[in-house]
Amino acid sequence: GMDVASGPVWLEYISFLKSAPAVTPQEESQRMTAVRKAFQKAILAPIHSVEQLWKEYESFENSVSRTLAKGLLAEYQPKHYSARAVYRERKKYWERIDTNMLAVPPTGSLKASSNPLTNLCIHCF
């Protein structure tokens with residue numbers, strides 16, 4: 001998915017698709033299409049491994065067909081740059097989060113929580 005830390009999942013999934021057996025030319029074509037679709041989805045996700053995924057996608061497309069690769073890479077490069085920019089923004093927030101820390105309920109005075117207006121405002125958001 002789209003989780004910032006989902007890069008290894010995408011890489012493993014693409015590796016799995018690449019390793020699928022293909023006996024006939026039709027199966028080979030279907031496998032290449034599945035790998036291409038997975039790459040194209042992954043390179044547009046603002047995740048940690050987005051740059052590594054782009055390099056692997058370039059390599060994959062160039063190994064299949066240089067002519068087709070030129071067109072597809074030109075089409076997806078601006079979209080990839082956009083995802084990379086979003087990732088860099090997300091990364092600023094992500095780095096400040098301690099993912100090993102347990103969530104705790106907010107603390108506040110008993111007076112504040114018993115005030116009906118305060119409760120109303122909390123429910124509004």
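Residues numbered from 1 in each chain as written. Predicted model: local features only at pLDDT ≥ 70, side-chain atom pairs only at ≥ 80, totals over all residues. Heavy atoms only, no water.

**With respect to the nonpolar core**
Alright, step 1. Ranked by internal contacts, the top residues of the largest apolar core, which has 22 residues, are I14, F39, L53 and Y57.
Alright, step 2. Excluding its chain neighbours within four sequence positions, the residues that come into contact with I14 are V35, A38, F39, A42 and L53. (Core = buried A, V, L, I, M, F, W, Y, C linked by side-chain atoms within 4.5 Å. Buried < 20%, exposed > 50% of the residue type's maximum accessible area, 1.4 Å probe, protein only. Contact = heavy atoms within 4.5 Å.)

**Notes on the packing of helix α1 (residues 7–19) against helix α3 (residues 50–64)**
The description of two packed helices rests on the angle between their axes and on the distance between the axes.
Alright, step 1. Following both chains from N to C, one finds α1 and α3 inclined at 20°, their axes separated by 11 Å at the closest point. If you check the angle between α1 and α3, you find them roughly parallel. For the pair α1 and α3, the crossing hand works out as left-handed. Of the residues in α3, those in contact with W10, L11, I14 and K18 of α1 are Q52, L53, E56 and F60.
Alright, step 2. For the contact of α1 with α3, the class distribution of residues is 5 nonpolar, 1 polar and 2 charged. (Axes fitted to C-alpha atoms, helices over the stretch in contact; angles between N-to-C directions. Helix = DSSP H or I, 4+ residues; strand = E, 2+ residues; numbered from the N terminus. Parallel < 35°, antiparallel > 145°, perpendicular 65-115°, else oblique. Left-handed = near helix turned anticlockwise from the far one by under 90°. Nonpolar A, V, L, I, M, F, W, Y, C, P; charged D, E, K, R; others polar.)

**A few points about α3**
Alright, step 1. Here α3 spans 21 Å end to end across 15 residues, near enough to the 21 Å set by a 1.5 Å rise per residue.
Alright, step 2. All of the buried residues along α3 are V50, L53, W54, Y57, F60 and E61. The arc that holds every buried residue of α3, seen down its axis, measures 125°, which confines them to one face. Summarising the geometry of α3, the exposed residues directed more than 90 degrees from the buried face are K55 and S63.
Alright, step 3. Residues of α3 that are buried in the fold lie against α1, α2 (25–42) and α4 (66–94). (Expected span 1.5 Å × (residues − 1). Arc of directions from axis to C-beta.)

**So, the packing of aromatic side chains**
Alright, step 1. Following the criterion strictly, the structure yields 4 aromatic pairs and no others.
Alright, step 2. Taken together, a centroid distance of 5.9 Å and an interplanar angle of 50° make the contact between W54 and Y57 tilted. Residue W54 and its partner Y57 are located together in helix α3, separated by 3 residues, close to a single helical turn. By the burial criterion, W54 is buried, and Y57 matches it.
Alright, step 3. Among the aromatic residues, those joined into a cluster by ring pairs are F39, W54, Y57, F60 and Y76. (Phe/Tyr/Trp six-rings, centres within 6.5 Å; stacked < 30°, edge-to-face > 60°.)

**Description of the environment of Q52**
Alright, step 1. Of note, Q52 is situated in helix α3.
Alright, step 2. Note on Q52: relative accessible area 39%, which makes it partly exposed.
Alright, step 3. In the structure, Q52 is positioned 45 residues away from G7 in sequence and 8.9 Å away in space, judged by C-alpha atoms.

**Digging into the confidence of the model for the protein chain**
A low pLDDT means the predicted coordinates there should not be read in detail.
Alright, step 1. In this model, the protein chain carries a mean pLDDT of 85, and residues with pLDDT of at least 70 account for 86%.
Alright, step 2. Across residues 118–125, where pLDDT falls below 50, the model places 2 contacts with residues more than four positions away in sequence or in other chains. (pLDDT = per-residue confidence, 0-100.)

**Thoughts on the pattern of salt bridges**
Pairs can form between side chains of opposite charge once their charged atoms are near each other.
Alright, step 1. Taken as a whole, this structure holds 6 salt bridges when the rule is applied.
Alright, step 2. The salt bridge involving R88 is made with E51; its shortest N-O contact spans 3.3 Å. One end of the pair, R88, is in helix α4; the other, E51, is in helix α3, with 37 residues separating them in the sequence.
Alright, step 3. The class for R88 is partly exposed, based on a relative accessible area of 44%.
Alright, step 4. Close ionic contact of E75 with K79 constitutes a salt bridge, the shortest N to O distance being 3.8 Å. Of this pair, E75 and K79 both sit in helix α4, separated by 4 residues, roughly a single helical turn.
Alright, step 5. Residue class for K79 comes out partly exposed when judged on its relative accessible area of 39%. (Salt bridge = Lys/Arg side-chain N within 4 Å of Asp/Glu carboxyl O.)

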